Amino acid sequence: MYGSYRSLMQIDDKGMTKRLIYYCFISRNFVCCLQFITFGFACTPLYFVWEKVIGFHSTKNILVRALIRIPVVIPIWFLAIIFPFFGPINSTVGALLVTFTVYIIPAAAHMLTYRTAFARENAVEKPPFFISSWTAVFLVNTFVVVWTLIVGFGFGGWASITNFVHQVDSFGLFAKCYQCPPKNPATKQISKAAH
């Protein structure tokens, strides 16, 4: 906050602004730590796959593992610099990938698993009490799959890709200042004329 509104903050007699600046500094550092932790959690599966591919998955030396993980980090870092807008990327991933992994694949797998009468009779978990028949379970699963395909993947994918393309068109790749207020050339000319 202080970095964005430095010129608007006035230091008063009681030092309230100094405390506010201190708290902003602390909170910004906490957010940076959380981002490092989240990056580590998100990249851990990639690290494991990469180490397995190049044959260093059984190495106990932490320094060697850190050096081996650099080829995984550099492309991700480069993509983060190219596309500084995380929101549109997150919504695109959510619409195109999460809809499948959370809704469509489990519902379709449930229908495939219990498609035969033998599988339904020997099922460990029977349908819940409020859905008394397997036909109703299949109808609910079919509704979830169709609805998610149309609304989540279809409309959500279209909206998120449109937003992503709009962000790239607005700010470009390697944006120098992402979502900064536009500089009005008319305002600059008026201020120069006043001086």
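What counts as what
- Residues numbered from 1 in each chain as written.
- Predicted model: local features only at pLDDT ≥ 70, side-chain atom pairs only at ≥ 80, totals over all residues.
- Heavy atoms only, no water.
- Patch = residues over 30% accessible without salt bridge, like charges linked within 9 Å, V, L, I, M, F, W, Y side chains within 5 Å.
- Areas by Shrake-Rupley, 256 points an atom, 1.4 Å probe, with all protein chains shown as cover.
- Salt bridge = Lys/Arg side-chain N within 4 Å of Asp/Glu carboxyl O.
- Helix = DSSP H or I, 4+ residues; strand = E, 2+ residues; numbered from the N terminus.
- Core = buried A, V, L, I, M, F, W, Y, C linked by side-chain atoms within 4.5 Å.
- Buried < 20%, exposed > 50% of the residue type's maximum accessible area, 1.4 Å probe, protein only.
- Contact = heavy atoms within 4.5 Å.

Caption draft 1: Looking closely at a nonpolar patch on the surface. A cluster of nonpolar side chains, Leu63, Leu67, Ile70, Ile74, Trp77, Phe78, Ile81, Leu173 and Phe174, forms an exposed patch at the surface whose accessible area comes to about 900 Å². Contributing elements (two or more residues each) for the nonpolar patch: helix H2 (62-68) and helix H3 (70-82). When residues in the nonpolar patch are grouped by element, the largest group, five residues, is from H3. Mapped onto the secondary structure, Leu67 falls in helix H2.

Caption draft 2: Spotlight on the nonpolar core. Of all hydrophobic cores here, the largest spans six residues; its members are Tyr114, Ala119, Ala123, Ile131, Trp134 and Val137. Ignoring anything within four residues of it in the chain, the contact list for Ile131 reads Ala136, Val137 and Val140.

Caption draft 3: Up close: the environment of Ile82. Here Ile82 lies in helix H3. Counting along the chain gives 92 residues from Ile82 to Phe174, while the straight-line C-alpha distance between them is 4.5 Å. With residues up to four places along the chain from it excluded, the contact list for Ile82 reads Gly172, Leu173 and Phe174.

Caption draft 4: Looking closely at the pattern of salt bridges. Within this structure, the stated rule accounts for two salt bridges. A salt bridge links Glu51 to Arg65; its shortest N-O distance comes to 3.3 Å. Remark: Arg65 occurs in helix H2 and Glu51 occurs in helix H1 (residues 16-54); sequence separation between them is 14 residues. For Glu51, a relative accessible area of 1% gives the class buried. Arg69 serves as the salt-bridge partner of Glu51, at 2.7 Å between the closest nitrogen and oxygen. Here Glu51 is found in helix H1, whereas its partner Arg69 is found in the loop between H2 and H3, with 18 residues between them in sequence. With relative accessibility at 21%, the residue Arg69 sits in the partly exposed group. Linked through salt bridges whose partners overlap, the residues forming this network are Glu51, Arg65 and Arg69.

Note that every value here comes from positions in space, so none of it alone points to a role or purpose.
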